[in-house]
Each structure stands twice: as structure tokens, then as C-alpha cells.
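Tertiary structure, described
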Amino acid sequence: MSVASHPAPQTKLNSLGFAKPESETRVVVAMSGGVDSSVVAAMLAEEGYDVIGVTLQLYDHGAALAKSGACCAGIDIHDARRVAEEMGFPHYVLDYENIFKDAVIDEFADSYLGGATPVPCIRCNERVKFKDLLATARDLDADCMATGHYIQRMMGAEGPELHSAADANRDQSYFLFSTTPEQLEYLRFPLGHLPSKDATRALAEKYGLKVANKPDSQDICFVPNGDYAAVIEKLRPGAAEPGEIVDMNGNVLGEHTGVIHYTIGQRRGLGIGGLADPLYVVKLDVDNKLVVVGPKEALATRIVPLAEINWLGDEPFEATPERRIAVRVRSTRAPREAILRSTGPTTGEVELLTPEEGVSPGQACVFYDPEGSRIFGGGWIVKG
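Residues numbered from 1 in each chain as written. Predicted model: local features only at pLDDT ≥ 70, side-chain atom pairs only at ≥ 80, totals over all residues. Heavy atoms only, no water.

So, on to the environment of Tyr368. Note that Tyr368 resides in strand β16 (residues 364-368). Not counting chain neighbours up to four residues away, the residues in contact with Tyr368 comprise Ser164, Asp171, Ser173, Tyr174, Ile325, Ala326, Val327, Arg328, Pro335, Arg374, Ile375 and Phe376. Here Arg328 takes part through its side chain, which lies 3.1 Å from a polar atom of the side chain of Tyr368. (Helix = DSSP H or I, 4+ residues; strand = E, 2+ residues; numbered from the N terminus. Contact = heavy atoms within 4.5 Å. Polar contact = N/O pair within 3.5 Å; in protein donor to acceptor, adjacent residues only side chain to side chain.)

Below, the structure written as C-alpha cells:
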């Protein structure tokens, strides 16, 4: 006698991808005090999730208290706390100052002094938010951690994939390339599918959040006015030692007040006028205190060496010696066609099909699917 087999009842997944009621799904929301993460927290609270808000105090406020332009100042902690009170979920402030200094600020200073142009926001995501904060979320028995980043997490054949945000103008994939597959399992990005920032602000209005019209942060949180050099001088006294500005043949053209005041590709403010053709900073020789300048074509780079590669493809990075991909070598530039070659488990080189100007050590090189929105990770640009 055969017994008819009944299909198991379909378990519906909630919006965060869990097969259980929202009220039984705990989510830690990383809250910076800005409109994006506030909307995420309010939206999930309204949907009925068990929300816990966490804000990181990353550096000594001091003068920053009165300043709302950067992400982690005192006013932002106040704003995050107020959202939590209004929406009725618990909120904690964690003091991560020492971790942040060791993991982010010190390296920023050292790499800047080494003639590189660092991107500390990536290191902060990698070493603080998606590491220590993520561990804290697990300690709080959260099922996942949500952030206000504009990027998408989509389920693929091999598990969760990272994809660019629906709004190309807000896409933050450049700053999140070092997210590991294990972190991606645990992270959620509820704003990545929204068509624009206006849609986020409309949601903030809908939830009655007072941060609805709060301006976006423009600066690195510990570099208040975008004045990198002043921060470096404070962190590394004596760093701004004067030296010579030379051309590519070593001829002295002028003097400078410290290598830290210059970046690769810079044209203005060199103080060497009266020349027939414009000159650009093409190299920073920190050891000899030289700023090397040359014509614009000297900035063009075709081969970009990479280290600390984080690979998010389905097959192992070294499985394919050469791949056609698209890459972004600066956060403000559109992806360009390139060939990626592996030279080790976490090292490789990118050959740009069209040479790019101003490729600088210390910046990230992020890998994209040339045919779609998927992000395949990326690496850090090193000196060739």
C-alpha cells in the first residue's frame, strides 16, 4: 500500500530572509545618527522586528561636538538615541576609540606619510564596523546586522552576493569591497534597492524622524575640514618637513613645505608658475623629501599592482589566471574595462584597457561584473 507523500508546507521568509516571524528576528542596526541608518532602524522597528540600535563613538569629540559635518560626533549620538526613543527600541553607545585609533587612524597617518592616498572609511568598515561591531551583534544574539549603506545583497546560486546599489549616484560598493563572504551572510542593506536619496528622506518624513533633512556627512569623521595635512601633523609631529620640487629628470623647480601637503595627480598649488606646460604631481618620494612633477601623460597608468585582495567570486581567486572584469580605481570614477591576473592567493595585477591618470597607492581597486551589477571584491593598490 503506497502512502501519498504530502509536500512540506512552504515557510515564508520575512524581509530579512529568515523563516520566522519578525518579532522573533533580532536585528542590530549600526546607527551613525544620519538619515540613512535612522531610516533603516525605524523601518525595521515598524515592520515588527526585534531591533537593537548601536552607535559607535570612534574618536574624541572635543571640537567636533559643535560640528555636524562628520559621522561620529556627539550630536550624531544624540540624534541616533532620539530615533531609538521615538521608535521604541533599545540603543547602546559603544566606546571604540582605542580600536579605531589602532585599526584606522594610525594606519591612515603612516600610509599618508609613505606617499600613499589612503581611504580610511574602507578600513573602518573592514576592521571596526564589520569586525568588532559584528561580533558585538552576535554577542547580543542578533540574527543579522543591518546598516544604512547603499549597496545590495542578493542571493545567488552559491550564496549571498554583493551588488551595486540601484541608485548609481549613491552606490557605496567602492567602500565595501573588503566585505568577506562570511560577513555577507550576516549583513543586511535595506536601502540598496531604493531609487534615490530622496526616497530615503521621504521614508524619514513618513516615520516622523527629525533627521529627515539632516545633511549628508562630507568628510572623513576624524578629518573635519578635509585638511589631511593638519591631522597628520598632529598625529606625527615633524612630518611636514620641507624639501624640493623636482621634475622627472631631477632638476629642482622649487621648494615645498612637506610631502604630506601633496597628492598624486595634483596640479594646483604647486607654486611653480611661469612654465609653458602645466605640471602635475607624478610621484612622492618620502625618503628624500621630494615632490616629483611631470606632464599629464606621465600620470597615465596601465598596470596596477594589488595586495590584500578580497575575492567574492563563486570560484577560488587563483582558479582562473586571467579574467575580463570592470574596475574602479577611485570612488568618484565609473568602472573601466580591465584584465585581472592573479599572482598569489591575495595578490594580483590589473591591466587597464584604457590607461587611467592619478592611480595612487593606498587607494582601492574594486572589481565589477562588466555585464551586470555584481561586485567581485577588490584589492589595495600598492607601489609597482
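On to the pattern of salt bridges, then. By the definition in use, this model includes 30 salt bridges. Here Lys197 and Asp216 are joined by a salt bridge, their closest N and O atoms 2.7 Å apart. One end of the pair, Lys197, is in helix α6 (residues 197-206); the other, Asp216, is in the loop between α6 and α7 (228-235), with 19 residues separating them in the sequence. The buried category is assigned to Lys197, whose relative accessible area is 9%. Given a relative accessible area of 25%, Asp216 falls into the partly exposed group. A salt bridge links Glu241 to Lys289; the shortest N-O distance between them is 2.8 Å. You can see Glu241 sitting in the loop between α7 and β8 (243-246) and its partner Lys289 sitting in the loop between β10 (280-285) and β11 (290-294), a full 48 residues away along the chain. Here the salt bridges share partners, and the residues they tie into one network are Asp36, Arg170, Lys197, Arg201 and Asp216. (Salt bridge = Lys/Arg side-chain N within 4 Å of Asp/Glu carboxyl O. Buried < 20%, exposed > 50% of the residue type's maximum accessible area, 1.4 Å probe, protein only.)

Residues of α7 that are buried include every one of Ala229, Val231 and Ile232, and no others. Buried residues of α7, viewed axially, fall in a sector of 160°; they line one side. Buried-residue contacts for α7 involve α3 (97-113). (Arc of directions from axis to C-beta.)

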